[in-house]
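Chain by chain, the residues:
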Amino acid sequence: MRAVLTYHSIDSSGSAISISERDFRRHVSWLASGRVRVVPLEEIAIPGGDDDAVALTFDDAFQNFGTIAAPLLEEHSLPATLFVVTQRVGGTNAWRIPLAPTAIPVLPLLDWSGIAAVAQRGIAIGSHGRTHRALSSLDAGDLRDEVNGSSIDLRRELGITPSAFCYPYGDASTREREEAARLYEVAVTAELKALGDNDDVHMLPRLDAYYLREARRLERFGSPAFERYLRMRGHGRRLRKSVERLFGRDNG
């Protein structure tokens, strides 16, 4: 099995974007054990591998990535990609407040010096748009500004040309996919499933760590039980999103 794992915030709130430091440390310990290969995002997108492998991604660039995750990843020589919302750098994830005000904690984001520091630790820096707006809601000009402008911001501030893009809320159809493909080698969604050999490299699915917090859940990676669990969770998530779209409250 090959998969992209995604994390957001490392905190104790128990929210849908959070994993506790204890659980994250458990994940890192297992990932560093050699049970699966941990490879860069661009490498796992190449089809044809038969062995178990994962790529690690972190969305939004929370400060707790810099204080907790980056040192652990460097200590264990684990590659990862951090997706940055370039015009919210040094602020908070308050873009989520209108969507789920009681469920999602408002947390500080890394500033540019913090992002530069984790890049120096070997973390790959990717784009998560400029403002974390749902791309499907934008006209063509604003869409290009989010997708291309965020790359410009990263080049200006860090001297980095990002090769990976993360669709905010996983919100991407053909139009958004084509815009990302013009500039980036790979792009990731929020679709909850493992990778297949025929997956579009600009519409890669990911496994959200929120669903892997339970003890020994990630440790079953690649087993029939793990595959059954993913199918169950994936079906439930698709059903929930269908209901939310029906009532006009898709939280991404």
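Thresholds, definitions, all that
Residues numbered from 1 in each chain as written. Predicted model: local features only at pLDDT ≥ 70, side-chain atom pairs only at ≥ 80, totals over all residues. Heavy atoms only, no water. Phe/Tyr/Trp six-rings, centres within 6.5 Å; stacked < 30°, edge-to-face > 60°. Helix = DSSP H or I, 4+ residues; strand = E, 2+ residues; numbered from the N terminus. Buried < 20%, exposed > 50% of the residue type's maximum accessible area, 1.4 Å probe, protein only. Lys NZ or Arg CZ within 6 Å of the ring centre and 35° of its normal. Core = buried A, V, L, I, M, F, W, Y, C linked by side-chain atoms within 4.5 Å. Contact = heavy atoms within 4.5 Å. pLDDT = per-residue confidence, 0-100. Expected span 1.5 Å × (residues − 1). Bend = angle between axes of the 7 residues up to and from the residue. Polar contact = N/O pair within 3.5 Å; in protein donor to acceptor, adjacent residues only side chain to side chain.

Q: Can you help me understand the packing of aromatic side chains in this one?
A: One pair of aromatic rings is described through two measures. These are the centre distance and the angle between the planes. In this structure the tally under the stated criterion is eight aromatic pairs. Aromatic pair Tyr7 and Phe24: ring centres 5.4 Å apart, planes at 85°, arrangement edge-to-face. Pair noted here: Tyr7 is in strand β1 (residues 2-7) and Phe24 is in helix α1 (residues 21-31), with a separation of 17 residues, a long-range link. When sorted by exposure, Tyr7 lands in the same class as Phe24, which is buried. One aromatic cluster in this structure is built from Tyr7, Phe24, Phe58 and Phe65. Just above the ring of Tyr210 sits the side chain of Arg213; from NZ or CZ to the centre is 3.9 Å. Between Arg217 and the ring centre of Tyr229, over which it is positioned, the NZ or CZ distance is 3.7 Å.

Q: Is there a simple way to think about the nonpolar core in this case?
A: The tendency in soluble globular proteins is for nonpolar side chains to be buried as a group. If you look at the biggest cluster of nonpolar residues, it comprises 43 residues, and the most contacted ones within it are Phe24, Leu31, Leu56, Phe58, Phe65 and Leu82. The leading source of residues in this core is helix α3 (residues 63-75), at six residues. The contacts of Leu31, once residues within four sequence positions are left out, are Leu5, Tyr7, Val36, Val38, Val54, Leu56, Leu78 and Leu218. With 14 residues, the next largest nonpolar core counts Leu41, Ile44, Cys166 and Val186 among its residues.

Q: Looking at this structure, how should I read the confidence of the model for the protein chain?
A: When pLDDT drops low, the exact placement of atoms in the prediction is not to be read closely. Put simply, the protein chain has an average pLDDT of 91, and 89% of its residues get 70 or more. Ignoring residues within four places in sequence, the model shows residues 97-101, a span with pLDDT below 50, making six contacts including any to other chains.

Q: Hey, could you run me through helix α5 (residues 140-158) in this one?
A: Note: α-helices contain 3.6 residues per turn, so residues at a spacing of three or four share the same orientation. Counted at 1.5 Å a residue, the expected span for α5 with its 19 residues is 27 Å, and the 27 Å between its end C-alpha atoms agrees. A maximum bend of about 30° is found in α5 at Asn148. Buried positions along α5 lie against β6 (81-84), α4 (112-120), β7 (124-127), β8 (164-166) and α6 (174-181). Measuring from the side-chain oxygen of the N-cap residue of α5 to the backbone nitrogen of Gly141 gives 3.2 Å; that N-cap residue is Asp139. Phi turns positive one or two residues past the end of α5, at Gly159, with a value near 70°.

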